[in-house]
Amino acid sequence: MAILFISELRSYLSVEIVDHIIVDTTLNQKLPIGLNITFPHLRCDEVSVDTVDSMGDNQVDVAGGLVKLNLDAHGWLSKGDHVVGPNECLSCLEALEVLPEKRCCNTCKELKEAYQDAGLPYFHILDTAVQCKESIGCQVHGDVLVSKVSGNVHVALGKSTVKDGKHVHEFNIRDVSDGFNTSHSIHRLEFGQRVAGVHSPLEGTTKIVKHGAYMFHYYIKLVPTLYTPTSGHAVHTHQYSVTDNDKNVMLKPGELAGLPGVFLVYEFTPFMVQKIEKAVPLSHFLTSVCAIIGGVFTVAGIIDAVLYRSLRQLLQKTVA
């Protein structure tokens, strides 16, 4: 009886999720995309975070709910670049041998400008130069609102802008002729609110680049989902499946066959999945408990009657 009661109690306390498929009619709503991606070898001032969709809506270097934070060599928040003393003059390193005049490179920006003036690539010295090595990585996190049409969110090389209605990234090809390290880790990627039972396949993904300049594409198929818990408050979210592709777009030094970066390319299905939590009614639980109790007593009565009759017949045969 105890085992039956515990089994019924567990069934009563559990929640069944019932799925239905309907046509999605929420296309006029905005979709919040939650991001938390770290780039251990890209400074925040070297990349742009943008969104582009099939309606031609461009968000350039997204701000507001999305922020970029500089990281140190250990992956912690950076305290800022090296600060020079009042009479200090830091070396311009390799650029010093090419530039016609001597100059001081006391900041990371000045050092990169010196390399640009000298026509030299500078990415290989960002991790080691005193002016830059305190901030070698970047964390992109926060939320960005997009329309519910196919599009992409990307973190890519250069300064982004819109020219003649087209999304353009501006950069000097010589700056990256020694590579552009797009190694990254995805800690959070959500399309809509997070709900129990909806898994995000890309969370925990890490890609390591050892040479060249890689372009990473994640092709995401979004399934609109309406999750209705037992409380009755419906939550809009999205489930997704993903395939990925990556390639080295630096065929040779000084030549790119694509834009190095990380691209989250998404598109929507026209159907919505309704997930509805259904709890076992209390009346069902009480009825089942009563049935268990009644069944136990009935079986006990039958066993008692059988044993009584058997024992009585046995005693009669013994007396006879």
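The structure under discussion appears in the preceding block.
In this report, the structure presented in the accompanying data block is examined. (Residues numbered from 1 in each chain as written. Predicted model: local features only at pLDDT ≥ 70, side-chain atom pairs only at ≥ 80, totals over all residues. Heavy atoms only, no water.)

1. Re the overall build of the protein chain
- Helices and strands together make up the secondary structure of the protein chain, namely 3 helices and 17 strands.
- Taken over the C-alpha trace, the protein chain has a radius of gyration of 32 Å; the compact-globule value for 320 residues is 20 Å, which it surpasses by more than 25%.
- Counting only C-alpha atoms and orienting by the principal axes, one finds that the protein chain spans roughly 130 × 45 × 40 Å.
- Across the 320 residues in the protein chain, those meeting the buried criterion constitute 38%.
- Working note: accessible area of the protein chain is about 18,100 Å², and carbon and sulfur atoms make up 58% of it.
- Within the protein chain, one finds 27 positive and 34 negative side-chain charges whose respective centroids are separated by 9 Å. (Helix = DSSP H or I, 4+ residues; strand = E, 2+ residues; numbered from the N terminus. Rg over C-alpha atoms; globule rule 2.2 N^0.38 Å. Buried < 20%, exposed > 50% of the residue type's maximum accessible area, 1.4 Å probe, protein only. Areas by Shrake-Rupley, 256 points an atom, 1.4 Å probe, with all protein chains shown as cover. Lys, Arg positive; Asp, Glu negative; His and termini not counted. Charge placed at Lys NZ, Arg CZ, Asp CG, Glu CD.)

2. A closer look at the environment of Glu46
- By the element assignment, Glu46 lies in the loop between strand E2 (30-39) and strand E3 (47-53).
- As a C-alpha pair, Glu46 and Leu157 span 111 residues in sequence and 6.4 Å in three-dimensional space.
- In contact with Glu46, not counting residues within four places along its chain, are Lys112, Tyr122, Phe123, Ala156, Leu157, Gly158 and Phe180.
- There is a polar contact of 3.2 Å between the side chain of Glu46 and the side chain of Tyr122. (Contact = heavy atoms within 4.5 Å. Polar contact = N/O pair within 3.5 Å; in protein donor to acceptor, adjacent residues only side chain to side chain.)

3. Notes on the environment of Phe271
- Tracing the backbone through its elements, the reader meets Phe271 in strand E17 (residues 271-279).
- Judged by its relative accessible area of 47%, Phe271 is partly exposed.
- Taking the C-alpha atoms as reference, Phe271 lies 4.5 Å from Val23; in sequence the two are 248 residues apart.
- For Phe271, the residues in contact, after removing those within four places along its chain, are Ile21, Ile22, Val23, Asp24, Val223 and Pro224.

4. As for the sheet that holds strand E11 (residues 205-207)
- As summarised here, the arrangement of the 5 strands in space is E5-E6-E2-E10-E11, forming an open sheet in which the pairing is antiparallel. Strand pairing shows two members of the sheet lacking a second neighbour, strand E5 (66-71) and E11, which therefore form its edges. Each strand of the sheet is rotated relative to its neighbour by a mean of 15°, with strand direction disregarded.
- Where E5 lies against strand E6 (residues 137-147), 6 bridges are found, and the strand directions are antiparallel. Residue pairing for E6: Leu66 is matched across the bridge by Gly142. (Pairing = 2+ DSSP bridges. Axes fitted to C-alpha atoms, helices over the stretch in contact; angles between N-to-C directions.)

5. A closer look at empty space enclosed by the protein
- In total, this model carries 1 cavity of 30 Å³ or more according to the counting rule given.
- What the largest cavity holds in volume is close to 100 Å³.
- Listing elements by their share of the lining of the largest cavity, those giving two or more residues are strand E10 (184-191) and strand E13 (235-248).
- Classifying every residue of the lining of the largest cavity gives 5 nonpolar, 6 polar and 2 charged. (1 Å grid on protein atoms, 1.4 Å probe; cavity = no way out; pocket = protein on both sides within 12 Å on 5 of 7 lines; lining within 4 Å. Points joined across faces, edges and corners; volume = space filled by probe spheres on them. Nonpolar A, V, L, I, M, F, W, Y, C, P; charged D, E, K, R; others polar.)

6. Considering helix H2 (residues 108-117)
- Within the sequence span of H2, burial applies to Cys108, Leu111, Lys112, Ala114 and Tyr115. The buried residues of H2 occupy an angular sector of 155° when projected down its axis, which confines them to one face. Structural note: H2 exposes Lys109 and Asp117 on the side pointing more than 90 degrees away from its buried face.
- Phi for Gly119, located one or two positions after H2, is positive at around 70°. (Arc of directions from axis to C-beta.)

7. Notes on unusual backbone geometry
- Of note, Leu93 is a non-glycine position whose phi angle comes to about 55°, a positive value.
- Accessibility expressed as a relative area gives 36% for Leu93, which makes it partly exposed.

8. Observations concerning the state of the cysteines
- All chains considered together, the criterion is met by 4 disulfides.
- At a sulfur-sulfur separation of 1.8 Å, the disulfide partner of Cys89 is Cys104. Every disulfide takes its handedness from the sign of the S-S torsion; for Cys89 and Cys104 that torsion is -105°, giving left-handed. Pair noted here: Cys89 is in the loop between E5 and H2 and Cys104 is in the loop between E5 and H2, with a separation of 15 residues, a long-range link.
- Judged by relative accessible area, Cys89 falls into the partly exposed class, the value being 39%.
- Between the sulfur atoms of Cys92 and its disulfide mate Cys105 the distance is 1.9 Å. Its S-S torsion of about 95° marks the bond between Cys92 and Cys105 as right-handed, since a negative value means left-handed. One end of the pair, Cys92, is in the loop between E5 and H2; the other, Cys105, is in the loop between E5 and H2, with 13 residues separating them in the sequence. (Disulfide = S-S within 2.5 Å.)

9. Some words on the pairing of E6
- The buried fraction of E6 amounts to 8 of the 11 residues, a majority that puts the element mostly inside the structure.
- With 10 bridges joining them, E2 and E6 adopt antiparallel strand pairing. Opposite Gly34, over in E6, you have Asp143 as the bridge partner.

10. Notes on the pairing of strand E7 (residues 151-157)
- Burial within E7 is extensive, with 7 of its 7 residues counted as buried.
- As judged from the 7 bridges shared by E3 and E7, these two strands associate in the antiparallel manner. Bridge pairing in E7 links Val52 to Asn152.
- The pairing of E7 with strand E16 (residues 261-268) spans 6 bridges and is antiparallel. Bridge pairing in E16 links His154 to Phe263.

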